[in-house]
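Analysis of the macromolecular model
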Amino acid sequence: MNNFPSVFEAINDLSKDQIEGLLILARKFKERDHDKPQFPNKLPIVANSFLENSTRTKNSFAIAIKRLGCHYLDFNTETSSLNKGESLEETLLTLYAQGVDLCIIRTSVSNQLSEFKNNTPVKIINGGDGTNQHPTQALLDLFTMQEIGIELEGKTMAIIGDCIHSRVGHSLCELLPQFGCNIILCGPSDYVPKTPEYEGVEISNDLESTVKRSDFLYTLRIQKERHAGSTEAAKHYDTYHDKYGISRDKLKAWNKEVPVFHPGPANIGVEISSDIIKSSLYKGYDQVVNSIYMRMAIITAILSNNDKNIGIIDGTRIRD
Ligand code: ASP
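Residues numbered from 1 in each chain as written. Predicted model: local features only at pLDDT ≥ 70, side-chain atom pairs only at ≥ 80, totals over all residues. Heavy atoms only, no water.

1. Considerations on the pairing of strand β3 (residues 71–74)
Keep this limit in mind: What makes two strands pair is DSSP finding at least two bridges between them. Per the convention used, a helix needs a DSSP run of H or I reaching at least four residues, while a strand needs a run of E reaching at least two, with both numbered from the N terminus. The crossover handedness rule: strands pointing away from the viewer, path from first strand over the helix to second strand clockwise, crossover right-handed.
The pairing of strand β2 (residues 45–50) with β3 spans four bridges and is parallel. Residue Ile45 lies in a different strand from β3, and its bridge partner there is His71. In this fold, the crossover linking β2 to β3 by way of helix α2 (residues 56–67) has right-handed handedness.

2. Describing the sheet that holds strand β9 (residues 216–219)
Picture the strands of a sheet paired through backbone hydrogen bonds; they go either parallel or antiparallel. This is how the line gets drawn: Two residues qualify as a contact provided that any one of their heavy atoms is within 4.5 Å of a heavy atom in the partner residue. For helices, the fitted line uses only the C-alpha atoms of the stretch in contact; every axis is such a line through C-alpha atoms, and the angle between N-to-C directions lies from 0 to 180 degrees.
Taken in spatial order, the five strands of this open sheet run β8-β7-β6-β9-β10, and their pairing is parallel. The strands lining the two open edges of the sheet, one partner per strand, are β8 (201–204) and β10 (260–261). One ladder, built from five bridges, connects strand β6 (residues 156–160) with strand β7 (residues 182–186); its direction is parallel. The residue bridging Ile159 from the neighbouring strand is Leu185, located in β7. The strands touched by helix α4 (residues 135–147) are β6, β9 and β10; relative to β9, the strand with the most contacts, the crossing angle is about 155°.

3. As for the packing of α4 against helix α5 (residues 167–175)
We apply this condition: Roughly parallel means an angle under 35 degrees; roughly antiparallel, over 145; roughly perpendicular, 65 to 115; everything else is oblique. Definitions for this section: a left-handed crossing has its near helix turned counterclockwise from the far helix by less than a right angle. A right-handed crossing has that turn clockwise. Classification used: nonpolar for Ala, Val, Leu, Ile, Met, Phe, Trp, Tyr, Cys and Pro, charged for Asp, Glu, Lys and Arg, polar for all others including Gly.
Taken N-terminus to C-terminus, the directions of α4 and α5 make an angle of 55°; their axes are 8 Å apart at the nearest point. On the basis of the axis angle, α4 is oblique to α5. Crossing hand, α4 versus α5: right-handed. Residues Pro135, Gln137, Ala138, Leu139, Asp141 and Leu142 of α4 pack against Val168, Ser171, Leu172 and Leu175 of α5. Partitioning the contact of α4 with α5 into residue classes produces seven nonpolar, two polar and one charged.

4. Description of empty space enclosed by the protein
One water molecule sets the probe size; rolling that probe over the atoms shows where empty space is left. Spelled out, the test is: Cavity: a set of points on a 1 Å grid over the protein atoms alone where a 1.4 Å probe fits but cannot get out. Pocket: an open set with protein on both sides within 12 Å along at least five of seven lines, its lining residues, like those of a cavity, having an atom within 4 Å of a point. Grid points are joined across faces, edges and corners, and a volume is the space filled by probe spheres set on the points.
Scanning all chains against the criterion turns up one cavity of 30 Å³ or more. When its volume is computed, the largest cavity comes out at roughly 40 Å³. Along its surface, the largest cavity is lined by Ser49, Leu51, Phe75, Thr77, Leu82, Leu88, Thr91, Leu92, Leu95 and Ile105. Considering every element that reaches the lining of the largest cavity, the biggest residue donor is helix α3 (residues 88–97), with four residues. Of the residues that constitute the lining of the largest cavity, the class distribution is seven nonpolar, three polar and no charged.

Read these as layout, nothing more, since geometry by itself doesn't imply function.
Right, here's the structure in full:
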């Protein structure tokens, strides 16, 4: 895969060819074509640095790293010197000097990784930054859609929920229209943009008409931790399930028993009902299964990009 970026922050960092390359590689990993070690000469060291809570993403990266045969470093931020005031850049240069080749980073600060694109302390994959992007989630969702046989060209997917505050929603809006899929962002007016921000994406506050026009649905959690006490955002909490929650009854009544995706964690009884989660319409576990293979593909692509401009200080690389 030519010119794969050394800091993978956003879907727009990749060309369509690179995205297609990742899909092919993920499929090969899934078919166990690549069980032989990917890095036979020197095993790379990959660190998982999660500066914010995570269950699925952190574990899925950890498993992907181990299945590729790389050394795994669980970089525990709570006990690191980040808590003594050390900058993220200094921390990453230190990890690089210790031999770390790639760092997976999750942060609550949107766009925090952009500054490393020109002056790269270590290779970086964005594991989700604030409300900005979660590109590996969107790529594994695309992979899952292909794996379950959804043909995206000319189809419409509704993203239902707190779209404004969802980094997953933003990454999906950058990714799926490239494959011919239209998106409707649906939710109360405080959870969706006033006007569309992406090509191929429209906005609606009406769940019934949105679902009726959609071929499959993507539900999102209300991102309360990002509402910072906003009363506008909070006023929808109690009525959300009735108005925007996806349940078997609603889908039956609207004659739309279609696949339902969710990136997790799901708040059952809020954005999604338990009878959907327990049904074959729910694709959340397929997303979890496929996350391993897509993340193996992304890690392989970034580690194989031969970029020598890493860890340079004053023109000199800080390690061989
Ligand atoms: N797990 C996803 C994320 O980290 C979705 C969510 O938290 O709602 O953005």
